[in-house]
Amino acid sequence: MESVTAVQPGIQTFKKQSQAKEVWRRFRKSKGAVAGLLMLSVIVFLLVFADFIAPYALATQQDLAIKLQGPSFSHLLGTDAFGRDLFARIIHGGRTSLSIAVLATISSCLLGSALGAIAGYFGGRIDSLIMRTLDIFMSIPDILFTMAVVFALGAGFINLLLALTLAYFTNYVRLVRSQVLNLAELDYVEAARAGGSGSTRIIITHILPNAMGVIIVNTTLNVAKIILYESTLSFLGLGMPPPAPEWGLLLADAREYMRVAPYLMFFPAMAIVLCATSVNLIGDGLRDALDPHLKS
Amino acid sequence: MSETILDIKDLWVIYKTDLETVHAVNGIDLRIGKGKTLGLVGETGAGKTTTALSILRLLPSNTGRVLKGSIEFHGQDILGMNDGQIHAIRGEKIAMVFQDPMTSLNPVMTVGEQIAEAIMLHNEGIVTAEVDRRVDAMLGMVGIQASRKDEYPHQFSGGMKQRVVIAMALACEPELLIADEPTTALDVTIQAQVLTMIKDLRNRLGTSMLMITHNLGIVARTCDDVAVMYAGEIVESGTVEDLFLGSRHHPYTDGLFGSIPSLTSRAARLTPIPGLMPDPSALPKGCAFEARCAKRMDICLQRHPEKATEGTHCILCHLYGEKS
Amino acid sequence: MYRYVIKRVLFLIPTILGVIFIILLTMSFTPGDPARALLGASAPQADVETLNHELGYDLPFTKKYVNYVTNMVVHQDFGTSYFTKQSVFDEIWPRYLITIKLAFLGVFLASVMGIPLGIYAAVRQYSLWDTIPSLMAFLLAAVPAFVLGMVFLFYFSLKLNWLPSYGIDSWTSYLMPAFAISIPPAAMNLRFTKSSMLESIRQDYVRTARAKGAPERVVIWKHALKNALLPVITNIGLSLGSLIAGAVVAEKLFSIPGIGSLIVDRIGYKDEPVIIAGTILIAICFTVVMLIVDLIYAWIDPRIRAKYARTKG
């Protein structure tokens, strides 16, 4: 908001407030959001310094002598059926899971937003073409599509990334398209066009920044969804191939030993839930911070 | 002197949120006589809608609060009534028409159903045939074919939607109709139609009215009495003659009249009132209008003005206070 | 209204064809050929090439696509399994019905658990009816279906021995998988319904209803609810995707002989025909259900209904 030129001293003027600061202030007010941010920071810290906290060797080195031991001082969360340290496995598994989730979210966001912006802005046949294709993609349940891609192309980081991107980009197309449709009609876009700005410039400088709020909230919430989804895939054996200690895989392994070593199941499960919950808290906090109206 | 049906005394209303307290209405007195129309004039944010909502106790329950004062309808204080009593009054004795017809109607119910609901809520045991007859009659009164009663709001234009809202409000022939900027959201040509219709209905049914508007033209056409509101206070009130023909006015009223474009004079620029209304969460100690007033004096900054009364004409200003 | 229904149903066909196209296209990237898979690694190359030619392996993709669809529609022939060497259709069909049963159970439970609680949480906002279910829904939204399933198995099968841990011998076998599948979508339904209700209560027409003198009960249950449920119905359609993912995983976890577990198992055996057929069948079912949800929405929302009812036909 700009300041109104004062005609007489003392007349009310509006303060110019930095939008980002305002959003951050509102975000800080929500205890849940702040808790989520803290939790996630701890998790990220553990993952980034994984090699120092629990070397990869611990995660993969088999030592049948100490197999299936419960939590102890030397092995914080116990060992699995092959004597591998569970804590180390969880941390390293987290690296893969989280990095895939974040990368897949970013790439599906880029792909989907680009398509949505193009469809919304240019309209007409391009719009119809994109939306019809989208309908078809959305008619295939994500998991089946992902399985098909993984089957066809084989397991591996890039293939998994591709599969996840193709499964999730559809979220963004509709979203960005409707934002663009709403915003493209606003007067200041007309003004920009009248001033001679080209289409791409208009999209990038005027429309996208305003759609950003919605995109950011959705992206954050999608990270949580993809974390859960990716763990489901690795549970089914469709994620990264062993010996990558992904969380889903840890849970699949734990199934056999439920009777004797239930902790093998509970700890990775808690890791998944904590991770997803912290991201969800942040996402909710962002949503409330960006649109305070939503909170009665 | 006609009988007073609505008497508001020293009403104070705030909106309290986590961040701040907004002083929306700060000690107002209003009186509406039987069969009379009171115009409540002011800029956006002056507190007009808040006043109207308070009368029917429709303030948002989580933030709106009446700090003190009384609102008496036929001598009974509305603010002290229980739920049953207030539900009996709403729609039947006092009805309200809101500003935006596009969102005032429920999109998934037919207009006939919505009008019928108003009737059935206040006429226990009424037979369906009678309800239908009345719905048709109301629609006819506002100029809508009765055959359209099974249509949904989205099938009507803005002006027609507002007519439906008015039909709904008058369905039980209330004694008082509160109209909060009923024509502001409509096209100018439709505005005139709807206004004429409201006047006709009022004359026919003898309804009293509280007409909230920022348009002085509407006030001149429809009102008997006027109250000018600024920053939650009534700065000037009187009959419509006092306001339009009188010689002494609150400086704000002067500003309002002065900012109307004239068809006759050849002025190159309009003369708006400079500045903006004070932030209602941080009202000044003295006169609220002081910062924008062309005739301000030192006392205006320090002390809150008192009402100066001359017959039916009241002005809240230091200019007329001690001197008269 | 009928015009709309017919239009949508007819549009279903090109959509399904498109779906099949994409699935076949994706699978065409799989290395290997059918004849080799059917005849085995030791079979002579000449035989492999003859069989490949017979099966139409060397045709361009579009021809293969047309052939596949024709076989599917006209002969109910989905090819032969690389693994069992049996007709794919015969293997899949009985499993299909089991998966559908499980999926429907999941949708039903997810709606029945999530929606009423969501409504009540909105109406009694900030009370215990709100804070407890909302908190639980929030946490459960972060628990994937298979984790729930494993926890259920642990407590109800292993520790308490109340429920069977595999197979579909009795109705009790459906309990754990059905709940494991339906709880995460139920949590989502609860949160969505609650926010939709809150949004609806904020609307101007609710204020109008109050101004008419309607008691709060009527205002909420008649005016706000009708409008709030519309997006909720759409949302159910959207949650179907995750429900199916849950079903696939539950079938594997609880050893239920449905299509989901079949597909997952056969992935390890590179049994392409089965995977393709299973994916297509589930996708078709999914598309049809989404269409039904859309039609229900169109029927209920008077704005859409009136649009097509103008020509009273």
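Thresholds applied
- Residues numbered from 1 in each chain as written.
- Chains lettered and ligands numbered in written order.
- Predicted model: local features only at pLDDT ≥ 70, side-chain atom pairs only at ≥ 80, totals over all residues.
- Contact = placed C-beta atoms within 7 Å.
- Helix = DSSP H or I, 4+ residues; strand = E, 2+ residues; numbered from the N terminus.
- Nonpolar A, V, L, I, M, F, W, Y, C, P; charged D, E, K, R; others polar.
- Expected span 1.5 Å × (residues − 1).
- Buried ≥ 20, exposed ≤ 12 C-beta atoms within 10 Å, placed from the backbone.
- Core = buried A, V, L, I, M, F, W, Y, C linked by C-beta atoms within 7 Å.
- Pairing = 2+ DSSP bridges.
- Axes fitted to C-alpha atoms, helices over the stretch in contact; angles between N-to-C directions.

Draft legend 1. Just the interface of chain C and chain A, in detail. With 37 residues of chain C in contact, the opposing surface of chain A contributes 33 residues. Elements with a contribution of two residues or more to the side of chain C that touches chain A: helix H1 (2-27), helix H6 (128-140), helix H7 (145-159), helix H10 (216-253), helix H11 (259-268) and helix H12 (272-300) of chain C. For the side of chain C that touches chain A, a count of residues per class yields 29 nonpolar, seven polar and one charged.

Draft legend 2. A look at helix H4 (residues 111-122) of chain B. All names here are of chain B. Taking 1.5 Å as the rise per residue, H4 with 12 residues should run 16 Å; its terminal C-alpha atoms sit 18 Å apart, in good agreement. Counted residue by residue, H4 has nine buried out of 12 residues, so it is predominantly covered. Among all positions of H4, only Val 111, Gly 112, Gln 114, Ile 115, Ala 116, Glu 117, Ala 118, Ile 119 and Leu 121 are buried. Taken together, the buried residues of H4 touch helix H5 (128-141) and helix H6 (158-170).

Draft legend 3. Region of the structure containing the nonpolar core. Core analysis: the largest hydrophobic core is formed by 144 residues, its most contacted members being Ile227(A), Leu251(A), Ile272(A), Ala180(C), Ile244(C), Val249(C) and Ala250(C). For Ala180(C), the contacting residues outside a window of four places in its chain are Ala145(C), Leu148(C), Gly149(C), Phe152(C), Gly246(C) and Ala250(C). If you look at the next biggest cluster of nonpolar residues, it comprises 96 residues, including Ile28(B), Val165(B), Ala179(B) and Ala288(B).

Draft legend 4. Region of interest: the environment of Thr44(B). Residues and elements named next belong to chain B. Considering the arrangement of structural elements, one finds Thr 44 in the loop between strand E3 (37-41) and helix H1 (48-55). Thr 44 sits in the exposed class, given 10 other C-beta atoms within 10 Å. Between the C-alpha atoms of Thr 44 and Thr 184, which are 140 residues apart in sequence, the distance is 12 Å.

Draft legend 5. The sheet that holds strand E2 (residues 21-33) of chain B, seen in detail. Residue and element names in this part refer to chain B. Taken in spatial order, the four strands of this open sheet run E2-E1-E4-E5, and their pairing is antiparallel. Both edges of this open sheet fall to E2 and strand E5 (76-77), since each of them pairs with a single strand only. In this structure, strand E1 (residues 4-16) lies alongside E2, joined through 10 bridges in antiparallel fashion. Directly across from Leu 11, in E2, lies its bridge partner Ile 28. On the sheet, H1 packs against E1, E2 and strand E4 (64-73) and is oriented at approximately 65 degrees with respect to E2.

Draft legend 6. Just the environment of Ile282(C), in detail. Relative to the elements of secondary structure, Ile282(C) occurs in helix H12. For Ile282(C), a count of 25 C-beta atoms within 10 Å translates into the label buried. Note: C-alpha distance between Ile282(C) and Tyr155(C) (127 residues apart in sequence) is 31 Å. With residues near it in sequence (within four places) discarded, Ile282(C) still touches Pro141(A), Leu144(A), Ile244(C) and Ile259(C).

Draft legend 7. Inspection of the sheet that holds strand E12 (residues 313-316) of chain B at higher detail. Residues and elements named next belong to chain B. Read across the open sheet, the eight strands follow the order E6-E7-E8-E3-E9-E10-E12-E11; overall the sheet is mixed. The two strands at the open ends of the sheet, each matched to only one other strand, are strand E6 (94-97) and strand E11 (307-310). Strand-to-strand twist of the sheet, defined as the mean angle between neighbouring strand axes without regard to direction, takes the value 15 degrees. In this structure, strand E7 (residues 176-180) lies alongside strand E8 (residues 208-213), joined through five bridges in parallel fashion. Paired with Leu 176 across the bridge in E8 is Ser 208. Across the sheet, H6 touches E6 and E7, and the angle it forms with E6 is around 170 degrees.

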